[in-house]
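# Residue-level structural notes
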Amino acid sequence: MDGDEELAAAMSERRQLLNVAYRLLGSLADAEDVVQETYARWYGLAERERAAVAAPGAWLTTVAGRICLDQLRSARVRRERYVGEWLPEPVPGDAEWFGGEPDPADRVTLDESVSMAFLVVLDAMTPAERVAFVLHDVFRYSFAEVATIVGRTPAACRQLAFSARRRLQREVAPPPPADRRAGLVREFKRAWEARDIDALLGLLDPAASLVADSGGRVEAILRPVEGGGVIAEGVVRIADLAAGIVLLEQVVNGQPGLVAQVDGVTVTVFSFGFTGERISHIWAMRNPDKLGPWLEAPAP
């Protein structure tokens, strides 16, 4: 393989690496850093060492996976200092990249494995569980390949993935059809704008929860809010107090969501989870450090 072929083979893996790292870390910014570090290590090899790598894609994924595993382990310490709740960073759909259309290699592929409901449960797993599950169940790497990243036996990795799969099945309810999800979010938007508590109560599961992530950078609730009634009252109170908020229906992590803007600037991105025919989870991203792709949105 000559130099040009080697470069093309390595760079063709960029989108795959970004997709793996985002699912493992829940942060697009951190995922991009992992990809950059992975390529830095690749080009840090001597030319003869790179030439000896039979499968550059597998090498790159192994390195990226190990970097992510190290970051996941250290993240637990960092989270202890985080102000309020921590949520994964929301990513837009292709049409919602307000800051300009990204290069295809810089896009995260949107499917069920990047829904906020999925990522929130992943975040509660141990680092080894998360890596084993994502690489095997989402990206179809063999347990032998996963073992080289996690540093455990293939049998142990199989058990880790099984444990993670069982947790997801237990905690993520099958959602209603896509058109119904979009309808529920649209109805929630209209009820919020109309300050219609009765309509909100009809849309929210009685045991619904709302979690906001501000990182201490902007005003937000610091603990989860539990109960459909409490959430409905809080939503109406926000509508009364926060003049000038405009709500837009947008694709958030591949699912119907809402974006709140003030003077054309995104201030909150809302993701939703569903149980049956009702909204059971609302995740509100308020931390401007996690709203990079959304911040330059034009006014509607």
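The structure displayed is predicted, hence computed values, not measured ones.

The rules behind these values
Residues numbered from 1 in each chain as written. Predicted model: local features only at pLDDT ≥ 70, side-chain atom pairs only at ≥ 80, totals over all residues. Heavy atoms only, no water. Helix = DSSP H or I, 4+ residues; strand = E, 2+ residues; numbered from the N terminus. Pairing = 2+ DSSP bridges. Phe/Tyr/Trp six-rings, centres within 6.5 Å; stacked < 30°, edge-to-face > 60°. Buried < 20%, exposed > 50% of the residue type's maximum accessible area, 1.4 Å probe, protein only. Salt bridge = Lys/Arg side-chain N within 4 Å of Asp/Glu carboxyl O. Expected span 1.5 Å × (residues − 1). Axes fitted to C-alpha atoms, helices over the stretch in contact; angles between N-to-C directions. Parallel < 35°, antiparallel > 145°, perpendicular 65-115°, else oblique. Left-handed = near helix turned anticlockwise from the far one by under 90°. Contact = heavy atoms within 4.5 Å. Nonpolar A, V, L, I, M, F, W, Y, C, P; charged D, E, K, R; others polar.

## Re the environment of Asn 253
Among the structural elements, Asn 253 can be located in the loop between β3 (245-252) and β4 (255-262). Sequence separation of Asn 253 and Ser 271 is 18 residues, and the distance between their C-alpha atoms is 8.0 Å.

## Some details on the sheet that holds strand β2 (residues 225-226)
On the basis of which strands lie adjacent, the open sheet formed by six strands has the order β2-β1-β6-β5-β4-β3 and mixed pairing. Both edges of this open sheet fall to β2 and β3, since each of them pairs with a single strand only. Bridge count between β3 and β4: eight bridges; the pairing is antiparallel. When the sheet's bridge partners are listed, Leu 248 is paired in β4 with Val 259.

## So, the packing of aromatic side chains
Summed over all chains, the structure comprises five aromatic pairs. When the ring of Phe 118 is compared with that of Phe 133, the centres are 5.9 Å apart and the planes differ by 40 degrees; the resulting orientation is tilted. Here Phe 133 lies in helix α7 (residues 127-138) and Phe 118 lies in helix α6 (residues 116-123), a separation of 15 residues in the sequence. Note on Phe 118: relative accessible area 13%, which makes it buried. By relative accessible area, which is 5% here, Phe 133 ends up buried. Here the aromatic rings of Trp 192 and Phe 270 are separated by 5.4 Å at their centres, their planes lie at 80 degrees, and the arrangement is edge-to-face. Highlighted residues: Trp 192 in helix α10 (residues 178-194) and Phe 270 in strand β5 (residues 265-275), separated in sequence by 78 residues.

## Some words on the pattern of salt bridges
The final tally for this structure, using the stated rule, is twelve salt bridges. One salt bridge connects Glu 37 with Arg 41, and the closest N-O pair in it is separated by 2.9 Å. Placement of the pair is Glu 37 and Arg 41 together in helix α3 (residues 28-44), with a separation of four residues, close to one helical turn. A salt bridge links Arg 180 to Glu 187; the nearest nitrogen and oxygen atoms lie 3.1 Å apart. Taking relative accessible area as the criterion, Arg 180 reaches 25% and is therefore assigned partly exposed.

## Observations regarding α10
Over its 17 residues, α10 runs 24 Å from end to end, which matches the ideal 24 Å to within 8%, given 1.5 Å per residue. Buried residues of α10: Arg 181, Gly 183, Leu 184, Val 185, Phe 188, Lys 189, Ala 191 and Trp 192, and no others. Taken from the residues just after α10, Arg 195 is the one with a positive phi, measuring 55 degrees.

## A word on the packing of helix α2 (residues 14-25) against α7
α7 packs onto α2 with a crossing angle of 140 degrees between their chain directions and a minimal axis gap of 10 Å. As far as their axial angle goes, α7 and α2 are oblique. Between α2 and α7 lies a crossing of right-handed hand. Only Arg 130, Val 131, Val 134, Leu 135 and Val 138 of α7 make contact with α2, whose side of the interface consists of Val 20, Arg 23, Leu 24 and Leu 25. Its residues assigned to classes, the contact of α2 with α7 comprises seven nonpolar, no polar and two charged.

## Quick look at the packing of α7 against helix α8 (residues 143-150)
Packed helices, taken two at a time, are described by their axes: the angle between them and the distance between them. Two elements in contact, α7 and α8, have axes separated by 10 Å at closest approach and are oriented at 145 degrees. Crossing of α7 against α8: the hand is right-handed. Along its contact with α7, which presents Ala 128, Val 131, Ala 132, Leu 135 and His 136, the element α8 presents Phe 143, Val 146, Ile 149 and Val 150. For the contact of α7 with α8, a count of residues per class yields eight nonpolar, one polar and no charged.

Remember that the coordinates give geometry; whether it matters functionally is a separate question.
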